[in-house]
Each structure stands twice: as C-alpha cells, then as structure tokens.
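So the chains spell out like this:
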Amino acid sequence: MSAAEVVNYAPIAAAAFAIPQFVPQIIKVRATHDARGVSWSWATQTSINNAAWIVYFVLSMDWTALVPAFAATVSAGMLAAMLATRRQGTTRAAVLTISWIALLVAVWVVAGRLGLGTLLTAAFVAQVAPSIWTAYRTKHPTGISSGTWLLILAELGCWAGYGFHKSDPRLIVLGLTGVSASALMLARVYFTRTPALRDRN
C-alpha cells in the first residue's frame, strides 16, 4: 500500500482518536476532584460546536462523521456539567456561550450548510483558546489530563495530514491549529509538574 493510500484512511484514524477524547479528562476530574487549569468555556464550546457539526453532517448526508461528532458532543457536555458544579464557569462566559449559539443558528438560517461549515472551521481557534488561556493563567494546572490532549493532538494531526494530501485549506488550518494548541497544553502540563514527577515520567 502506497503512502497516498495510507493517508486516505486518516479520517478513520481521526475518528478513532476523537471518540474517547474527553474520557481521560472526565475520569481525572471525577477521581481527583481537581479541575485546576481546565476551562469550562472550552468544554462547553466543544460540545456546542460538535452539536452544530452534527447538523452539518446530517445535511451533507455524511453519516460516518456523525459518530465522533456525537461522541464529542456528549462527552464534552458531561465535562462542562462537571466543571459547572465546581463553579468553573462565569456569568460572562455563559453570556458569550448563549451569544455563540444564537450566531450559529443565524448563520445556518441565512447561509445554510456551507455557511455553517465555514463558520465552524474558523471557530476552532476560539474553541481551543479558552483552554490555553486558563491553563497558562493557572499557577498549578494540576487538573489537566495529558491523555485528553494527546488524543486531540493525534486526531488533529490526522486531519492536518489529510488536508495536505487533499490540498484542502480548511482542513490544513483546522489540523495545524489543533496540533499547535495541543502542543501548548502538553508543554504547560509537563513544565508545571514538580521535578520529581517529571523525572518519574
């Protein structure tokens, strides 16, 4: 099998990484009751955006893509609910979230499926920005799960490679943004650990 043929399977690999993506973070918060450095806005926006992707994929009749989108909607929503019970969210963040939902609906009504897909692709930067902001503003972000961000890194790395293979600028931007965000989060987790923990790993 040639390299080009292998890359054609990248979306399947991306889906495999995406489905369990939030499980490590959910398990860590539930087991340790530690959510320091984990962004409620990031979890909420991820859930909302993937719910919008479900609408996009249904309209596109892309049934395979529904599985990871549905998994991310549910699991990110569960994480957002867990963080809300720990008062991680703010009134300002909630207002921005409601405004974002209204914008998604408005774009869908006015511009249809293509407009919604374009907005969601561009919005990925805004989706991951709160996680980076929260992690780097928290002195000891001990609640962040490396496992979740390694899965995100793997998923978006697949999309970046597939985007280059297909010369799709939207997938390239999406993939490289996700890889960069994941690398920043993993670096933050690693360099804020105690020297003893770093040596153990």
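Predicted model only: the values in this text are computed from it and were never measured. (Residues numbered from 1 in each chain as written. Predicted model: local features only at pLDDT ≥ 70, side-chain atom pairs only at ≥ 80, totals over all residues. Heavy atoms only, no water.)

Enquirer: Kindly report on the nonpolar core, identifying the contributing residues and their values.
Expert: Note on soluble globular proteins: their nonpolar side chains tend to be buried together. Ranked by size, the top nonpolar core spans 31 residues in total, and within it Trp 42, Leu 79, Leu 83 and Ile 144 carry the most contacts. Put simply, the parts of the chain that give this core at least two residues each are helix H2 (10-18), helix H3 (23-32), helix H4 (40-60), helix H5 (66-85), helix H7 (124-137), helix H8 (146-166) and helix H9 (169-191). One finds Tyr 56, Phe 57, Leu 66 and Ala 123 within the second-largest nonpolar core, a separate group that totals 16 residues. (Core = buried A, V, L, I, M, F, W, Y, C linked by side-chain atoms within 4.5 Å. Buried < 20%, exposed > 50% of the residue type's maximum accessible area, 1.4 Å probe, protein only. Helix = DSSP H or I, 4+ residues; strand = E, 2+ residues; numbered from the N terminus.)

Enquirer: Lay out H7 in plain terms, naming residues and giving numbers.
Expert: In an α-helix, one turn spans 3.6 residues, which is why side chains three or four residues apart end up on the same side. For H7, which comprises 14 residues, the first-to-last C-alpha distance of 21 Å matches the rise-based estimate of 20 Å (1.5 Å per residue) to within 8%. Residues of H7 that are buried include every one of Phe 124, Gln 127, Val 128, Pro 130, Ser 131, Ile 132 and Ala 135, and no others. Residues of H7 that are buried in the fold lie against H4, helix H6 (91-122), H8 and H9. (Expected span 1.5 Å × (residues − 1). Contact = heavy atoms within 4.5 Å.)

Enquirer: Tell me about the pattern of salt bridges, and name the residues and values.
Expert: Considering all chains together, one arrives at 1 salt bridge under this definition. One salt bridge connects Arg 36 with Asp 34, and the closest N-O pair in it is separated by 3.2 Å. Residue Arg 36 is classed as partly exposed on the basis of its relative accessible area, which comes to 47%. The class for Asp 34 is buried, based on a relative accessible area of 14%. (Salt bridge = Lys/Arg side-chain N within 4 Å of Asp/Glu carboxyl O.)

Enquirer: Any details on unusual backbone geometry? Residues and values, ideally.
Expert: Unusually for a residue other than glycine, His 33 sits at a positive phi of about 55°. Inspection of the secondary structure puts His 33 in the loop between H3 and H4. Of note in this structure, Ser 167 is not a glycine but carries a positive phi near 55°. Mapped onto the secondary structure, Ser 167 falls in the loop between H8 and H9. Owing to a relative accessible area of 60%, Ser 167 belongs among the exposed residues under this scheme.

Enquirer: Go over the confidence of the model for the protein, please, and point to the residues and values.
Expert: On average, residues of the protein score 86 in pLDDT, and 93% of them reach the 70 mark or higher. H3 holds the highest mean pLDDT among the elements of the protein, 94, whereas helix H10 (residues 195-200) holds the lowest, 50. (pLDDT = per-residue confidence, 0-100.)

Enquirer: Provide a residue-level description of the packing of H4 against H7, including the pertinent values.
Expert: Axes are the key here: two packed helices are described by the angle between their axes and the distance separating the axes. At a minimum axis separation of 8 Å, H4 and H7 run at an interaxial angle of 160°. Classified by the interaxial angle, the pair formed by H4 and H7 is roughly antiparallel. Handedness of the crossing formed by H4 with H7: left-handed. Together, Ser 41, Trp 42, Gln 45, Thr 46 and Asn 49 of H4 and Ala 126, Gln 127, Val 128, Pro 130 and Ser 131 of H7 make up the contact between the two elements. A per-class count over the contact of H4 with H7 returns 4 nonpolar, 6 polar and no charged. (Axes fitted to C-alpha atoms, helices over the stretch in contact; angles between N-to-C directions. Parallel < 35°, antiparallel > 145°, perpendicular 65-115°, else oblique. Left-handed = near helix turned anticlockwise from the far one by under 90°. Nonpolar A, V, L, I, M, F, W, Y, C, P; charged D, E, K, R; others polar.)

Enquirer: Mind laying out a nonpolar patch on the surface, listing which residues take part and the relevant values?
Expert: Where nonpolar side chains cluster on the molecular surface, the patch consists of Ile 101, Val 105, Val 109 and Val 110 and spans about 390 Å² of accessible area. Position of Val 109 relative to the elements: it lies in helix H6. (Patch = residues over 30% accessible without salt bridge, like charges linked within 9 Å, V, L, I, M, F, W, Y side chains within 5 Å. Areas by Shrake-Rupley, 256 points an atom, 1.4 Å probe, with all protein chains shown as cover.)

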